[in-house]
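Understanding the architecture of this molecule
For reference, the chains in residue letters:
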Amino acid sequence: MAEALRVGIAGLGTVGASVARVLRDKAAELTRQCGRDIVVTAVSARDRKRDRGIDLSAATWFDDPVQMAEKADIDVFVELIGGDEGPARLAVKAALEAGRHVVTANKALLAKHGVALAEIAEKKGVLLNYEAAVAGGIPVIKTMREAMAGNAVTRVFGILNGTCNYILTRMEAEGISFDACLKDAQRLGYAEADPTFDIEGHDTAHKLSILTSLAFGTKIAANDIYMEGISNISQADIRAAADLGYRIKLLGVAQRTDSGIEQRVHPTMVPTASVIAQVHGVTNAVAIETDILGELLLSGPGAGGNATASAVIGDIADIAKSRPGFQHAPVFGWPAKELKPYKKARMRSHAGGYFIRLTVHDRTGVFAAIAKRMADNDISLESIVQQAAAPETQAQKTVILVTHETTEAAVRKAVEGITKDGHLTDKPQVIRIERAE
Ligand SMILES: NC(=O)c1ccc[n+]([C@@H]2O[C@H](COP(=O)([O-])OP(=O)(O)OC[C@H]3O[C@@H](n4cnc5c(N)ncnc54)[C@H](OP(=O)(O)O)[C@@H]3O)[C@@H](O)[C@H]2O)c1
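Since this is a predicted model, take the numbers as computed values, not measurements. (Residues numbered from 1 in each chain as written. Predicted model: local features only at pLDDT ≥ 70, side-chain atom pairs only at ≥ 80, totals over all residues. Heavy atoms only, no water.)

1. Comments concerning the overall build of the protein
A tally of regular secondary structure across the protein gives 14 helices and 17 strands. At 24 Å, the protein has a C-alpha radius of gyration in line with the 22 Å of a compact globule built from 437 residues. Taking the principal axes of its C-alpha atoms as reference, the protein extends roughly 80 × 45 × 35 Å. Across the 437 residues that make up the protein, the buried fraction comes to 53%. When the accessible area of the protein is evaluated, it comes to approximately 19,200 Å², of which 50% is carbon and sulfur surface. Separation of charge centres in the protein, based on 51 positive and 53 negative side chains, amounts to 2 Å. (Helix = DSSP H or I, 4+ residues; strand = E, 2+ residues; numbered from the N terminus. Rg over C-alpha atoms; globule rule 2.2 N^0.38 Å. Buried < 20%, exposed > 50% of the residue type's maximum accessible area, 1.4 Å probe, protein only. Areas by Shrake-Rupley, 256 points an atom, 1.4 Å probe, with all protein chains shown as cover. Lys, Arg positive; Asp, Glu negative; His and termini not counted. Charge placed at Lys NZ, Arg CZ, Asp CG, Glu CD.)

2. Some words on the site of the ligand
Around the ligand, the structure places 23 residues, and the nearest of them are L12, V15, D47, R52 and G304. With respect to the ligand, the backbone of R46 contributes an N or O atom lying 3.0 Å from an oxygen atom. Here an oxygen atom of the ligand and a side-chain polar atom of R50 are 3.0 Å apart. Taking 900 Å² as the accessible area of the ligand by itself, protein coverage stands at 78%. (Near = heavy atom within 4 Å. Polar contact = N/O pair within 3.5 Å; in protein donor to acceptor, adjacent residues only side chain to side chain.)

3. Re the state of the cysteines
Put plainly, a disulfide is one covalent bond tying together the sulfur atoms of two cysteines. Applying the stated criterion across every chain, the model contains 0 disulfides. Among the cysteines around C181, which has no disulfide bond, C164 carries the closest sulfur, lying 12 Å off. For C181, a relative accessible area of 0% puts it in the buried group. (Disulfide = S-S within 2.5 Å.)

4. With respect to the sheet that holds strand β2 (residues 38-44)
Strands sit in the order β3-β2-β1-β4-β5-β6 across an open sheet of 6 strands; the sheet is parallel. Because the sheet does not close on itself, it has two edges, and the strands there are β3 (60-62) and β6 (128-129). Relative to β3, β2 runs parallel, the two being bridged by 3 bridges. Bridge assignment links S44 to a residue of β3, and that residue is F62. Here helix α1 (residues 14-25) sits on the sheet and contacts β1 (5-10) and β2; the angle it forms with β1, its principal contact strand, is near 155°. (Pairing = 2+ DSSP bridges. Contact = heavy atoms within 4.5 Å. Axes fitted to C-alpha atoms, helices over the stretch in contact; angles between N-to-C directions.)

5. Observations regarding helix α8 (residues 178-187)
For an α-helix, 3.6 residues make a turn, and residues three or four places apart therefore share a direction. Turning to α8, its buried residues are F178, C181, L182, D184 and A185. The arc that holds every buried residue of α8, seen down its axis, measures 165°, which confines them to one face. Exposed residues pointing more than 90 degrees away from the buried face of α8 are listed as D179, K183 and R187. Contacts from the buried residues of α8 go to α7 (162-174) and α9 (196-199). Looking one or two residues past α8, G189 carries a phi angle of roughly 85°, positive in sign. (Arc of directions from axis to C-beta.)

6. Focus on the environment of A42
Secondary-structure assignment places A42 in strand β2. According to the relative accessible area criterion, A42 is buried, its value standing at 1%. It is 49 Å that separates the C-alpha atoms of A42 and I433, two residues lying 391 residues apart in sequence. With sequence-adjacent residues up to four places away left out, A42 is seen in contact with V7, G8, I9, A59, T60, F62, M68, A72 and I74.

7. Notes on unusual backbone geometry
For A135, which is not glycine, the phi torsion reads 60° and is therefore positive. Along the polypeptide, A135 turns up in the loop between β6 and α6 (140-147). Positive phi outside glycine occurs at D378, with the angle close to 60°. Counting through the fold element by element, D378 comes out in the loop between α13 (366-376) and β14 (381-387). The exposure class of D378 is exposed, given its relative accessible area of 71%.

8. What to know about the nonpolar core
Core analysis: the biggest nonpolar cluster contains 82 residues, and F77, V140 and I167 have the highest contact counts within it. Here F77 is in contact with G8, A10, P65, M68, A69, A91, V92, A95, H101, V102 and V103, once residues within four sequence places are set aside. Membership of the second largest hydrophobic core comes to 32 residues, among which are L5, C34, V43 and L127. (Core = buried A, V, L, I, M, F, W, Y, C linked by side-chain atoms within 4.5 Å.)

9. Quick notes on the packing of aromatic side chains
Per the counting criterion, the structure on display carries 2 aromatic pairs. When the centroid spacing of 5.3 Å and the interplanar angle of 45° are considered together, the rings of Y130 and F332 count as tilted. With Y130 in the loop between β6 and α6 and F332 in the loop between α12 (305-321) and β13 (351-361), the pair connects residues that are 202 residues apart, well separated along the chain. Judged by its relative accessible area of 0%, Y130 is buried. Between the aromatic rings of Y166 and Y190, the centroid separation amounts to 4.6 Å while the plane-to-plane angle is 55°, which identifies the pairing as tilted. Of this pair, Y166 sits in helix α7 while Y190 sits in the loop between α8 and α9, placing them 24 residues apart in sequence. (Phe/Tyr/Trp six-rings, centres within 6.5 Å; stacked < 30°, edge-to-face > 60°.)

In short, geometric facts, not functional conclusions.
Written out as structure tokens, the structure reads:
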């Protein structure tokens, strides 16, 4: 049997401790599958005394993960610290430069420095594996990088943040407000004390930027993503969506268009009958649309110690099975030096259907004025519905419009016009509609 693969784990929190535990509990299966043992020979975290529920005394302890990356007797450096700078970045860079394989779950690090790190890995002939960085336990990186050879991706989109999907699912199922749902999610540990990063779409954007690079062979451009979060989604939107045959999801979407590549994160209406609309709670899903395959949807647990550890261990096992001297697949599908610059499609040219909800003064001429603004901007309407006012708001009405395919620019201009006309009593709500099978 080949020599054991020596693994160093930096970060022994939710994911790191699970990885160590599963490597111990599944040692025999992994040896059979990989043809060699996998042993943890080094570990690093901040607090040496903390009980992590697993005996790691056989592994050498390092206070400093960079020291571990440079000096430890390891073949693979597993980074599970987190953060886009500081010890995670320094240690991953040091490990790659020392010619060691790296496995990481760190989307923030890859979104910011992924291309530079991939260049080092490819120059050194080592692997930089990151399955757990996107959609936790779902094997989407492997699917896109290895199982879809010859396919040209036209669009990739997904539910990439469990917190947002949990909140939207409960809002729909129980008819409760965004704020009430968020508070409950925090109490149950599904949302952070400061939830901004999740609910405003930043976490989804990090993951999307990695998928975009894999899909289109472009440099990661995490700062070039159009982003809207879910905090202004109301019960009125959820109910109107349901009446129209849609469900609201926070999607990350990357799509090739004539003018470039769109990367956008925003609340989206998807047909209630589509597969992605059936993804509830904290579950994640990624849909990949290609010229040969059509639309493929992968769904499963996007976070949590064990689910994330499953992806990390899959990456470690791939390294254990790789043959010395064998050319590794490029980190982002294309050699890092050949990744093309990202050509951003302007959001104003985005084409699609739109849901527009307007709260207006209840007076004559308003309905006609709205229809005229739409027509003036060449927007053809699938439906326009005026809802009866609630008894306490007799002076206003709700108008709900669904457009046929049009452009973002036209919708923005029409809504600006309606706002200028002075008919609105509240901020207009605009939600994009996404085609999904
Ligand atoms: N949790 C998930 O469900 C999930 C899902 C997908 C991806 N990820 C990613 O996985 C990574 C780890 O997440 P996590 O939830 O496991 O985080 P976590 O529970 O906060 O654990 C972080 C670990 O890093 C250690 N650490 C922090 N600073 C360090 C330093 N300077 N030197 C050495 N160790 C240091 C901590 O040590 P102490 O324990 O001693 O404080 C802790 O063990 C992140 O990149 C995250 O985005 C997590």
